[in-house]
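Chain residues, written in single-letter form:
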Amino acid sequence: MLSLRKAYSGFMRALSEGKFVFTGEVEPKKTTKLETIIWAANVLKSHVVACNVTDNPRARAYLSSLVASYVIQKEVGLETICHMTVRDRNRLALMSDLLGASALGIRNVLVISGDHTTSGDNPGAMPVYDLDSTQFVQMVRGMVDNGIDLNGNPIDGEVRLHVGVVGNPNADPLEVEICKVERKINAGAEFIQTQIVFDVEMAKRFLKDLNSSIPVLIGIFPCKSYRVAEFIANKIPGISVPKEYIDGLRGVECLSSASESKNKIDAVNVDYFSNFIKELKKTTKVAGIHIMTMGYESIVGKIADGLRNETRKGN
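In what follows, the accompanying structure is described. Each chain carries its own residue numbering, running from 1 in the direction its sequence is written. Local features in this predicted model are restricted to residues whose pLDDT is 70 or higher, and side-chain atom pairs enter the listing and the counts only when it is 80 or higher, whereas totals over whole chains, interfaces and linings include all residues. Water and hydrogen atoms play no part in the side-chain values, which are based on all heavy atoms of the structure.

Here the focus is the packing of aromatic side chains. Centres within 6.5 Å are what make two rings of Phe, Tyr or Trp a pair, Trp counting through its six-membered ring; a difference in plane orientation under 30 degrees is then read as stacked, over 60 as edge-to-face, and the rest as tilted. Tallied over the full model, the rule gives 8 aromatic pairs. A centroid spacing of 5.6 Å and a plane angle of 75 degrees characterise the contact between tyrosine 245 and phenylalanine 273, whose relative ring orientation is edge-to-face. With tyrosine 245 in helix 9 (residues 243-255) and phenylalanine 273 in helix 10 (residues 258-283), the pair connects residues that are 28 residues apart, well separated along the chain. Residue tyrosine 245 shares its accessibility class with phenylalanine 273, and that shared class is buried. With a centroid separation of 5.1 Å and an interplanar angle of 85 degrees, the aromatic rings of tyrosine 272 and phenylalanine 273 are classed as edge-to-face. For the pair formed by tyrosine 272 and phenylalanine 273, the shared burial category is buried. Here the aromatic cluster, defined as three or more aromatic residues joined through ring pairs, consists of Phe198, Tyr245, Tyr272, Phe273 and Phe276. The rule is short: NZ of Lys or CZ of Arg within 6 Å of the ring centre and within 35 degrees of the ring normal puts a charge over the ring. Positioned above the aromatic ring of phenylalanine 20 is the side chain of lysine 281, whose terminal nitrogen or guanidinium carbon lies 4.5 Å from the ring centre. Segments assigned H or I by DSSP are reported as helices when at least four residues long, segments assigned E as strands when at least two residues long, and all are numbered from the N terminus. Exposure is judged per residue with a 1.4 Å probe applied to protein chains only, and the accessible area is read against the type maximum: over 50% gives exposed, under 20% gives buried, and values in between give partly exposed.

Next up, the structure:
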């Protein structure tokens, strides 16, 4: 159980103390330049307890998540949750990256299966999938708890890592997804971050049916335009985006000048997701919220800090 394990990171310490946490996300691109990720992490720093760093999202070959995580922690002082994708590496490479992460002071990793390579920017790449997500979690547990690799070979030095997994509240049938996530929990996962969800009832059903023994952070995605919301609704299978949310974004964009539009879009997102989060906090045992953005980092603080300020006033 989580409470019996030592907390190596501020993120896990906050969760073990029962604090409601916010996490953000930084996506390295196909670049050797670090200025953009440092800038994005600085925007998030005051508002989240940690930020995820993605690993070749959408099967695109980007800057290493391990390198980006280290740079963010060193240059910004923001704790990271380093994504590691089983699609791209065999067990030797994954073990090597885990050892490197621990040696560099990265304390949180998130296991990702990853989109198939045929959907990415190098569709001829061969997917690996040497391990599945559950086996990856088991490997981390052996390294952290017993000081051995997946084949029982001893490790010189202590591996200090926490391992999280992903759940999908939009899955249909949900029962199959629940079974998959429960397997990962039984293998030793310590936290869950979900795929993006807009429908609060879907999030509530997922939390109720899973009834997790470990902390769950629900993933949200504030959209910086109604076109982004429509794209998600129409082009990304399985994600339901409520019409009133899309209409709200469309209305403020169409009825506002360009200079007014951004502030009104911010207001729509703050209102919608604040109510979403309040409902989850009131009716479920959700441990926190993972706020994903793409070039819209400025909204994270408005949502997270706004809710914190309301809580303080309520007390």
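With that out of the way, let us pick up the pairing of strand 2 (residues 50-53). Burial of strand 2 is two-sided: the residues Ala50 and Asn52 facing one way and the residues Cys51 and Val53 facing the other way are all buried. Two strands make a pair as long as DSSP finds a minimum of two bridges between them. In the sheet, strand 2 pairs with strand 3 (residues 80-85) via 3 bridges, with the strands oriented parallel. In the sheet register, valine 53 faces strand 3, and the bridge partner there is cysteine 82. Viewed with both strands pointing away, a crossover whose connecting path from the first strand over the helix to the second turns clockwise is right-handed. Running through helix 3 (residues 65-75), the crossover from strand 2 to the neighbouring parallel element strand 3 is right-handed.

This next bit is on the sheet that holds strand 8 (residues 288-291). What the 8 strands build is a closed barrel, ordered 1-2-3-4-5-6-7-8; its pairing is parallel. The average undirected angle you get between the axes of adjacent strands in this sheet is 30 degrees. For strand 5 (residues 162-167) and strand 6 (residues 191-196), the ladder comprises 4 bridges, and the chain directions are parallel. Each bridged residue has a counterpart across the sheet, and for glycine 164 the counterpart in strand 6 is phenylalanine 191. Residue contacts are counted whenever heavy atoms from the two residues lie within 4.5 Å of one another. Here, axes are lines fitted to C-alpha atoms. For helices the fit covers the stretch in contact, and angles between N-to-C directions go from 0 to 180 degrees. Contacts from helix 3 reach strand 1 (21-26), strand 2 and strand 3 within the one sheet, and its direction differs from that of strand 3 by about 175 degrees. Contacts between helix 10 and the sheet are confined to strand 1, strand 7 (216-220) and strand 8, with strand 7 contributing the most and set at about 160 degrees to the helix.

It is worth spelling out the side chain of threonine 85 at this point. For threonine 85, the position within the fold is in strand 3. Classification of threonine 85 by relative accessible area gives buried; the value is 0%. Among all residues touching threonine 85, those that are not within four sequence positions of it are Asp55, Leu94, Ile112, Ser113 and Gly114.

Turning next to helix 8 (residues 226-235). Residues of helix 8 that are buried: Tyr226, Ala229 and Ile232. Viewed along the axis of helix 8, the buried residues span an arc of 125 degrees, placing them on a single side of the element. Opposite its buried face, helix 8 presents the exposed residues Arg227, Phe231, Asn234 and Lys235, each directed more than 90 degrees away. Packed against the buried residues of helix 8 are strand 6 and helix 9. What the arc measures is the spread of directions leading from the helix axis to the C-beta atoms.

Residues Phe198, Ile218, Tyr245 and Phe276 are the most contacted members of the largest nonpolar core, which totals 84 residues. No other element matches the 7 residues that helix 10 contributes to this core. Look past the residues within four positions of isoleucine 218 in its chain and what remains in contact with it is Thr194, Val197, Ala203, Phe206, Leu207, Phe276, Leu280, Val286, Gly288, Ile289 and His290. Within the second largest apolar cluster, 13 residues are counted, among which are Phe11, Ala50, Ile112 and Val166. We call a set of buried residues a nonpolar core when its members are Ala, Val, Leu, Ile, Met, Phe, Trp, Tyr or Cys and they connect through side-chain atoms within 4.5 Å of each other.

This paragraph deals with the packing of helix 9 against helix 10. The geometry of helix 9 relative to helix 10 is characterised by a closest axis approach of 9 Å and an angle of 160 degrees between their N-to-C directions. As summarised for this structure, helix 9 and helix 10 are arranged roughly antiparallel, according to the angle between their axes. Note that helix 9 runs across helix 10; the crossing there is right-handed. Note on element contacts: helix 10 touches helix 9 through Ser261, Lys264, Ile265, Val268, Asn269, Tyr272 and Phe273, opposite Tyr245, Gly248, Leu249, Val252 and Glu253. Should an angle lie under 35 degrees it is considered roughly parallel, over 145 roughly antiparallel, and from 65 to 115 roughly perpendicular; all remaining angles are considered oblique. Two helices that cross are described as forming a left-handed crossing if the nearer one is turned anticlockwise from the farther one by less than a right angle, and a right-handed crossing if clockwise.

What follows covers the environment of aspartate 115. Its location among the elements puts aspartate 115 in the loop between strand 4 (108-112) and helix 5 (133-146). With relative accessibility at 42%, the residue aspartate 115 sits in the partly exposed group.

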